[in-house]
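Listed below, chain by chain, are the residues.
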Amino acid sequence: MITITINDREIKLEKPVSVLEAARSAGIKIPTLCYHEQLERYGGCRLCLVEVEKMPRLQTACTLMVADGMVVRTETEQIADVRRGILEFLLINHPLDCPYCDKAGECDLQDLVEKYGPGKGRFKEKKRKVPESLQDPVIVRNMDRCIMCTRCVRMCEGLQGASAIAVINRGGHSHIEPFSSGRFDCEYCGNCVSVCPVGAIMSRLHRHSYRPWQVKEQYETVCPYCGVGCTVVTQVRDDVIKRVIPKLGSTVNNGMLCSRGRFGYEFVGSKDRLSVPLIRKNGALAEATWEEAITLVAKKLGNIKSTYGSDAVAGMASPRCTNEDNYVLQKFLRVAVGTNNVDTTARTGFAGAQSFIENIFGQGATANIISGLANSDTVMVIGGDPTTVNPILGLQIRACARRGGQVMTVGEFEGLRIFSPTKLLPRQFTETFLLEGIVTALREKKGLSGANAPLEGKIKSINVTAADVAAKSGVSEKQLAAYVDLLAAATTFSIVIGKETVQSIGGSYKLLLLAAITYLANGRVYLLSEKANEQGALDMGCAPDMLPGYRPVAYPEFTKKYGAVWHAELSEKPGLNLFEMIEAAEKGTLRAMYVMGENPVCNIPNSGRVEKAFKNLDFLIVQDIFLTETAKLADVVLPALGWGEKDGTFTNMERRIQRVKKSVQREGMEDWKIVAEIAKNMGYRMDYTKAEEVFHEIAKVSPLYRDLSYEDIEKGENIYPYKGEPLRDVKEDIQIDTSAVSAAAGKLYLKVERPLFHSGTMSTHAASLMNIYPHAVARIGAGRAKMLSLTEGDVVTVRSKAGALSLFIAIEKAGDDLSVTISNNFESKGAFRLADYTLDQVTKAPCIDAVEISIEKVTA
């Protein structure tokens, strides 16, 4: 115990902290400008100077560590004079434009000058002038206001790890600039905006549109984009979300955000939002009333059910929707319709990978705390760049590197490049040979513990020499040995697996090999999750073979138990998965589809085939917030409330349940309420009046969420395994799909880009993100571009067996010459228009890594 005295108050501390932190813990305020809770101690502004007994001069409270018996004073005449002088110096060049500056009202400098003075300045010369920069579409720089606290630089270089800005020039001419000069060439996280204490770096999204004191409401909620589940605060004025900021100290992201989380909220107020139901009449969608639309949907589904049977209807839930929405949809399909034909786009990767890993290691094997990555001594990354798919998770890997940990990759990931990862770059389609070599060598170094007999049986059957690896993959024996040595030396090992691995030919076998590496290195598995509620949708039973809480539909005891609560007889026949639905629609055995919050024509590979299958349906219902590619095919379009307009919960990739809160009022109905109204019209009542009542039923039905409440979640009792019963731990035989493919000489292959600035098509309705990444491009390596006589900005046609796209060319200096990379975020321009697929026989994920393409320049 350390005891110190500050301003005659005795303070007891459990561990050594700075004087500033000690004072704040006791509610004593010491002024600062350069200090920020997230950043390393700097001591540059000198405003935190304090008097310490037996020390001859004033000390900076932010850098001075406490010592037992220390006596400190924070408010004396000498300190006041020094603070007044420091502020007067800062105001020499700082413009007195507070009435015009957007930072007024939350400006640290303004507040400190008001409290500590000076009343007026004595400096008569002209102020330094730095032109305001409006060259960037998202961030505005006004370096006249900069006080050189370097918070932004320390944030960008330290926590974010982007190193995109720096102090340039010297002395009184110093100011902050991005290395790219005018426009930022960075990750657009906006975390520099968060930490700037003045109005030097600000967001353009709300420039001159409101003052901080005009914000009437603030709501703590969860970001709607990826599976990390960052805590954000929405600031609302006149029923419009004006700004989204991170919450300092939040468990998942601790005050950090990515570009999507900070700037992507604009879709909520988009003019493209659906506002009234649409019904197809005479081949065109026309506006209708809610009563018309709901009555028609109930009637059509009832007729199809009675004519063709319950299994002629299927439903698609959404990882964009809340747990409550997804729970009600699967309940509707199982009870009101009578089918288990329900699935989500988590089937394209996350669902099968998680099921595979949990079958080996047990339920909850992937429910690992994200911050644990920063505390690992070794992190291996494969199958996708975590800094673009799950950016805040990616920051934890960068933090591991900064702390001296080993970051190891299989493949090249731009977001980790400057962190000197140990990387292996196998030839195309030889990753499996490389992983087999790693498993063989690691087994010989570490041995087998006997803890997992089924997995060890598989590991023993793998025998590939380093020479074989070198011959087939191009990774030398020396490189392989060094890589395995690092894995063997790891004491806290983590492996991060992305969708590219899951969606590759032989993906389940690669997952087995990665599970073997995890087992031999005694590590933890993290599965990258692209959508906000993939985990929650699965937890809610949005799968053809599982009820809520992962109870198999094929087990009579479970269907009877759930049926008793729902007052219905449930089918024990597993339903169709996502891809089986498409096949059934093509054959005509599936007659109707209910799509909630999803855009399968865009988000399922071979979009052309999906589109034709949907056109073959007798009846298609799409419930969404935009008129998506899928909605344009629908017979009925139901406009739902979106994120920021409804209450509920998400479950992130850690299996952390989080509250999603309504921020603005909007006419319309939540997804769960629309479904409940249709169910009522089909003769089955769901008498919910709010989302919390739905969650109460979930907590009653699901053994996983047993006895949980919104209050428990608010109090932090939201970490797996919650209060629930242990999930079923019936392990099955480890099945694998060992399909393989070889690269054909001279062929080009399609790669799917997962960009930092977009997520699905939802982000394309956020103007700021579109300003950063405005349209689809075909990214090609400089070598291949030279071979094809292509230059930046040329228009090309990219063709595959599945379709063709016309796109602008973007030349990547470090890109390979064997592939063309295209994102899947822009309507009618997505990579999935080109991507035909086969299914992995175990995970049922689509394999899209061997799509051959051709490219030719479009001439005027």
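See the structure above.
Residues numbered from 1 in each chain as written. Predicted model: local features only at pLDDT ≥ 70, side-chain atom pairs only at ≥ 80, totals over all residues. Heavy atoms only, no water.

Caption draft 1: Inspection of the packing of aromatic side chains at higher detail. Following the criterion strictly, the structure yields 15 aromatic pairs and no others. Relative to Tyr837, the ring of Phe579 has its centre 5.2 Å away and its plane inclined at 55°; by these criteria the two rings are tilted. Residue Phe579 is found in helix H20 (residues 578-587), and its partner Tyr837 is found in the loop between strand E33 (819-823) and strand E34 (838-839); the two are separated by 258 residues along the sequence. Among the residues examined, Phe579 registers a relative accessible area of 0% and is labelled buried. Here Trp672 and Tyr688 contribute two aromatic rings whose centre-to-centre distance is 6.3 Å and whose plane-to-plane angle is 85°, an arrangement assigned as edge-to-face. Here Trp672, found in helix H23 (residues 671-681), pairs with Tyr688, found in the loop between H23 and helix H24 (691-701); they are 16 residues apart in sequence, far enough to count as distant. Like Tyr688, Trp672 is buried. A network of ring pairs unites the aromatic residues Phe695, Tyr705, Tyr710, Tyr720 and Tyr722 as a single cluster. A cation over a ring is seen here: Arg655 above Tyr720, with NZ or CZ 5.1 Å from the ring centre. (Phe/Tyr/Trp six-rings, centres within 6.5 Å; stacked < 30°, edge-to-face > 60°. Helix = DSSP H or I, 4+ residues; strand = E, 2+ residues; numbered from the N terminus. Buried < 20%, exposed > 50% of the residue type's maximum accessible area, 1.4 Å probe, protein only. Lys NZ or Arg CZ within 6 Å of the ring centre and 35° of its normal.)

Caption draft 2: Examining the pattern of salt bridges more closely. The tally for this structure, following the rule as stated, stands at 51 salt bridges. Glu177 serves as the salt-bridge partner of Arg141, at 2.9 Å between the closest nitrogen and oxygen. Separated by 36 residues along the polypeptide, Arg141 in strand E6 (residues 139-141) and Glu177 in strand E8 (residues 175-178) bring together distant segments of the chain. The pair formed by Arg141 and Glu177 is uniform in burial state, with each residue classed as buried. Taken together, the salt bridges that share partners define one network made up of Glu611, Lys615, Glu629 and Arg833. (Salt bridge = Lys/Arg side-chain N within 4 Å of Asp/Glu carboxyl O.)

Caption draft 3: Structural detail: the packing of helix H12 (residues 431-446) against helix H17 (residues 507-520). Where H12 meets H17, the axes come as close as 10 Å, and the angle between the chain directions of the two elements is 25°. In terms of orientation, H12 and H17 fall into the roughly parallel class. Between H12 and H17 the crossing geometry is left-handed. Facing Glu431, Thr432, Leu435, Glu436, Ile438, Val439, Leu442, Arg443 and Lys446 of H12, the residues of H17 in contact are Tyr509, Lys510, Leu513, Leu514, Ala516, Ile517 and Leu520. The residue makeup of the contact of H12 with H17, split by class, is 10 nonpolar, 1 polar and 5 charged. (Axes fitted to C-alpha atoms, helices over the stretch in contact; angles between N-to-C directions. Parallel < 35°, antiparallel > 145°, perpendicular 65-115°, else oblique. Left-handed = near helix turned anticlockwise from the far one by under 90°. Contact = heavy atoms within 4.5 Å. Nonpolar A, V, L, I, M, F, W, Y, C, P; charged D, E, K, R; others polar.)

Caption draft 4: Main features of the environment of Asn463. Its location among the elements puts Asn463 in the loop between helix H13 (453-460) and helix H14 (466-473). Contact partners of Asn463, with chain neighbours within four places excluded, come to Thr440 and Arg443. In this structure the side chain of Asn463 is engaged in a polar contact, spanning 2.7 Å, whose partner is the side chain of Arg443. Engagement of the side chain of Asn463 in a polar contact is seen with the backbone oxygen of Lys460, the distance being 3.3 Å. (Polar contact = N/O pair within 3.5 Å; in protein donor to acceptor, adjacent residues only side chain to side chain.)

Caption draft 5: Main features of H17. With 14 residues, H17 extends 20 Å from end C-alpha to end C-alpha; this agrees with the ideal 20 Å at 1.5 Å per step. In terms of burial, H17 is largely enclosed, as 14 of its 14 residues are buried. (Expected span 1.5 Å × (residues − 1).)

Caption draft 6: Structural view of the nonpolar core. The biggest cluster of nonpolar side chains holds 138 residues, and the ones touching the most others in it are Leu393, Met593 and Phe614. When near neighbours in sequence (up to four residues on either side) are disregarded, Met593 contacts Ala314, Gly315, Met316, Met581, Phe614, Leu617, Phe619, Leu620 and Ile621. In this structure, Ile279, Ile495, Ile657 and Val675 belong to the second largest nonpolar core, which totals 114 residues. (Core = buried A, V, L, I, M, F, W, Y, C linked by side-chain atoms within 4.5 Å.)

Caption draft 7: Structural detail: the environment of Gly302. Here Gly302 shows up in helix H7 (residues 290-308). Judged by relative accessible area, which is 25%, Gly302 ranks as partly exposed. Put simply, Gly302 and Gly683 are 381 residues apart on the chain and 9.8 Å apart in space, counted from C-alpha to C-alpha.

Caption draft 8: Local environment of the packing of H13 against H17. In the contact formed by H13 and H17, the axes pass within 10 Å of each other and the chain directions differ by 110°. Relative to H17, H13 is oriented roughly perpendicular. Regarding H13 and H17, the two cross each other, and that crossing is left-handed. From H13, Leu455, Glu456, Lys458 and Ile459 reach across to H17, where they touch Leu512, Ala515, Ala516, Tyr519 and Leu520. Grouping the constituent residues of the contact of H13 with H17 by class yields 7 nonpolar, no polar and 2 charged.

Caption draft 9: The pairing of strand E7 (residues 165-168), seen in detail. Pairing geometry for E7 and E8, over 4 bridges, is antiparallel. By the bridge assignment for E8, Ala166 is matched with Glu177. (Pairing = 2+ DSSP bridges.)

Caption draft 10: How the structure looks around unusual backbone geometry. The linkage connecting Gly117 with the following residue, Pro118, adopts the cis geometry, with an omega of 5°. Tracing the backbone shows Pro118 in the loop between helix H3 (108-116) and E6. For the bond from Tyr720 to Pro721, the omega torsion is 10°, close enough to zero to count as cis. Tracing the sequence through the fold places Pro721 in the loop between helix H25 (710-714) and strand E29 (748-753). Look at Phe429: it is not a glycine, yet its phi comes out positive at around 65°. Of note in the backbone geometry, Asn522 takes a positive phi value of approximately 55° without being a glycine.

Caption draft 11: Spotlight on the sheet that holds strand E13 (residues 278-281). Across the sheet, 7 strands lie side by side as E14-E13-E26-E25-E24-E15-E16; this open sheet has mixed pairing. Since the sheet does not close on itself, it has two edges, and those belong to strand E14 (284-287) and strand E16 (342-343), each with one partner. Of the pairings in the sheet, the one linking strand E15 (residues 313-316) to strand E24 (residues 592-596) comprises 4 bridges and is parallel in character. What sits directly across from Met316, in E24, is Val595.

Caption draft 12: Geometry of the sheet that holds strand E12 (residues 240-246). Ordered in space as E10-E11-E12, the 3 strands form an open sheet in which the pairing is antiparallel. Edge positions in the sheet fall to strand E10 (217-222) and E12, since each of these pairs with one other strand and no more. Put simply, the sheet's adjacent strands are angled 30° from each other on average, direction ignored. Pairing of E10 with strand E11 (residues 231-237), which is carried by 6 bridges, proceeds in the antiparallel orientation. For Glu217, the partnering residue across the bridge sits in E11 and is Val236.

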